[in-house]
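Residue-level listing of the chains:
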Amino acid sequence: MISKKAKYALKALKVLAREYEKGPLLISNIAESENIPKKFLEAILLELRNHGILQSQKGKGGGYYLRIPPDQVTFAKIIRIIDGPISPTLCVSLHFYGKCDDCGDEETCSLREVMVKWRDANLVVLEQNTLLDLINN
């Protein structure tokens, strides 16, 4: 299950995707339109900015805006930024690999094959859906 933080990030990005190339949006406007606590949203947007998804502009007329086109921002990218690994176990993670503490040998692990299938099934959906899909549905 994705975190509430990731869900809020996707909702905020939907708003920003709708306004792509129209200028910055105030955090308060995004928070109000999607019913997201403003302070929580500030932290989320800052994290997305730090990862190159968003750009911010200070001063009058300032706010946040998408740095890259909506069709290039996948759900997988956002979930990885906000929640970390998408895979059910670290030993099958593509971007956050780690050895499982309780596993003696990955090659003979009976769970690993199922975990790979689980990861791949999720990735099919998350890699193929972008912010553009959010605003076109």
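Residues numbered from 1 in each chain as written. Predicted model: local features only at pLDDT ≥ 70, side-chain atom pairs only at ≥ 80, totals over all residues. Heavy atoms only, no water.

Per an unreviewed UniProt entry, the recorded name for the chain is BadM/Rrf2 family transcriptional regulator, and the organism is Arcicella aurantiaca.

Draft legend 1. Seen up close, the packing of helix α1 (residues 4-18) against helix α2 (residues 27-34). Two elements in contact, α1 and α2, have axes separated by 10 Å at closest approach and are oriented at 115°. When the axes of α1 and α2 are compared, the crossing they make is right-handed. Across from Lys-11, Ala-12, Lys-14, Val-15, Leu-16 and Arg-18 in α1, the residues of α2 making contact are Ile-30, Ser-33 and Glu-34. Residue classes in the contact of α1 with α2 are distributed as four nonpolar, one polar and four charged. (Axes fitted to C-alpha atoms, helices over the stretch in contact; angles between N-to-C directions. Helix = DSSP H or I, 4+ residues; strand = E, 2+ residues; numbered from the N terminus. Left-handed = near helix turned anticlockwise from the far one by under 90°. Contact = heavy atoms within 4.5 Å. Nonpolar A, V, L, I, M, F, W, Y, C, P; charged D, E, K, R; others polar.)

Draft legend 2. How the structure looks around the side chain of Thr-74. The residue Thr-74 is located in the loop between β2 (63-66) and α4 (75-83) in this model. With relative accessibility at 14%, the residue Thr-74 sits in the buried group. Side-chain polar atoms of Thr-74 contact the backbone nitrogen of Lys-77, separated by 3.0 Å. Setting aside chain neighbours within four positions, we find Thr-74 in contact with Leu-126, Glu-127, Asn-129 and Thr-130. (Buried < 20%, exposed > 50% of the residue type's maximum accessible area, 1.4 Å probe, protein only. Polar contact = N/O pair within 3.5 Å; in protein donor to acceptor, adjacent residues only side chain to side chain.)

Draft legend 3. Fine view of the pairing of strand β1 (residues 54-57). Sheet topology places β1 next to β2; four bridges connect them, and they run antiparallel. If you follow Leu-54 over to β2, its bridge partner there is Leu-66. (Pairing = 2+ DSSP bridges.)

Draft legend 4. Geometry of the pattern of salt bridges. Under the counting rule described, the total for this entry stands at seven salt bridges. Note that Glu-127 is salt-bridged to Arg-80, the shortest N-O span being 3.1 Å. With Glu-127 in helix α5 (residues 112-128) and Arg-80 in helix α4, the pair connects residues that are 47 residues apart, well separated along the chain. Ionic pairing is found between Arg-119 and Asp-120, a salt bridge with its closest N-O pair at 2.8 Å. (Salt bridge = Lys/Arg side-chain N within 4 Å of Asp/Glu carboxyl O.)

Draft legend 5. Spotlight on the packing of α1 against helix α3 (residues 38-50). Between α1 and α3, the least distance of the axes is 10 Å, while the angle of their chain directions is 75°. On the basis of their axis angle, the class for α1 and α3 is roughly perpendicular. Of the residues in α3, those in contact with Lys-5, Tyr-8, Ala-9, Ala-12, Leu-13 and Leu-16 of α1 are Phe-40, Leu-41, Ile-44, Leu-45, Glu-47 and Leu-48. By residue class, the composition of the contact of α1 with α3 is ten nonpolar, no polar and two charged. (Parallel < 35°, antiparallel > 145°, perpendicular 65-115°, else oblique.)

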